[in-house]
Amino acid sequence: MAQSPNLFRSPLFRWGLPAMTTAIIVAIAFLLIDDRTLQLAMLAVAAVDLLATPQILKRAARNA
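Residues numbered from 1 in each chain as written. Predicted model: local features only at pLDDT ≥ 70, side-chain atom pairs only at ≥ 80, totals over all residues. Heavy atoms only, no water.

In terms of regular secondary structure, the chain is built from two helices and zero strands. Against the globule reference of 11 Å for 64 residues, the chain gives a C-alpha radius of gyration of 15 Å, more extended than a compact globule. By the burial criterion, 20% of the 64 residues in the chain qualify as buried. Summarising the internal contacts of the chain: among those between residues at least 6 apart in sequence, 62% fall at separations of at least 24. As presented, the chain carries roughly 4,900 Å² of accessible surface, and 71% of it is formed by carbon and sulfur atoms. (Helix = DSSP H or I, 4+ residues; strand = E, 2+ residues; numbered from the N terminus. Rg over C-alpha atoms; globule rule 2.2 N^0.38 Å. Buried < 20%, exposed > 50% of the residue type's maximum accessible area, 1.4 Å probe, protein only. Contact = heavy atoms within 4.5 Å. Areas by Shrake-Rupley, 256 points an atom, 1.4 Å probe, with all protein chains shown as cover.)

Encoded structure:
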């Protein structure tokens, strides 16, 4: 049986998905949140998401 194409193998998907969620988090942090500490926490979460998620998806593609 032929192996079906895996969406996680695409670098565009692996980097695009966290880029979109990071953009949403950053937009919410700057446009809706007034507390500076909470903004910085949200930006830290966005940075970790942008750096860690592609690596996790890459590992998932290798193991699938």
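And the narrative resumes.
A separate point is the packing of helix α1 (residues 11–31) against helix α2 (residues 36–63). For any two helices packed against each other, one specifies the inter-axial angle together with the distance between the axes. Packing of α1 against α2 brings their axes to within 8 Å, and their N-to-C directions diverge by 175 degrees. When the axis of α1 is compared with that of α2, the two are roughly antiparallel. In terms of residue class, the contact of α1 with α2 is made up of 16 nonpolar, five polar and three charged. (Axes fitted to C-alpha atoms, helices over the stretch in contact; angles between N-to-C directions. Parallel < 35°, antiparallel > 145°, perpendicular 65-115°, else oblique. Nonpolar A, V, L, I, M, F, W, Y, C, P; charged D, E, K, R; others polar.)

We now examine the environment of D49. When you line up the elements, D49 lands in helix α2. A sequence separation of 27 residues divides D49 from T22, and the C-alpha atoms of the two residues are 6.9 Å apart. Sequence-distant contacts of D49, defined by excluding residues within four places in its chain, comprise P18, T21, T22 and P54. A polar side-chain atom of D49 sits 2.6 Å from a polar atom in the side chain of T53. (Polar contact = N/O pair within 3.5 Å; in protein donor to acceptor, adjacent residues only side chain to side chain.)

As for its position among the elements, R14 is in helix α1. Buried R14, no salt bridge; nearest opposite-charge side chain is D49, N-O distance 13 Å. R14 has contacts with F8, R9, P54, L57 and K58, leaving out every residue within four places of it along the chain. (Lys, Arg positive; Asp, Glu negative; His and termini not counted. Salt bridge = Lys/Arg side-chain N within 4 Å of Asp/Glu carboxyl O.)

It is worth spelling out α1 at this point. The periodicity of an α-helix, 3.6 residues per turn, causes residues three or four places apart in sequence to face the same way. The first and last C-alpha atoms of α1 sit 30 Å apart over 21 residues, in line with the 30 Å expected at 1.5 Å per residue. If you check which residues of α1 are buried, you get R14, P18, T22 and A29. Looking down the long axis of α1, one finds its buried residues gathered within 40 degrees of arc, a one-sided arrangement. Among the exposed residues of α1, those oriented more than 90 degrees off its buried face are L12, M20 and L31. The inward-facing, buried residues of α1 abut α2. (Expected span 1.5 Å × (residues − 1). Arc of directions from axis to C-beta.)

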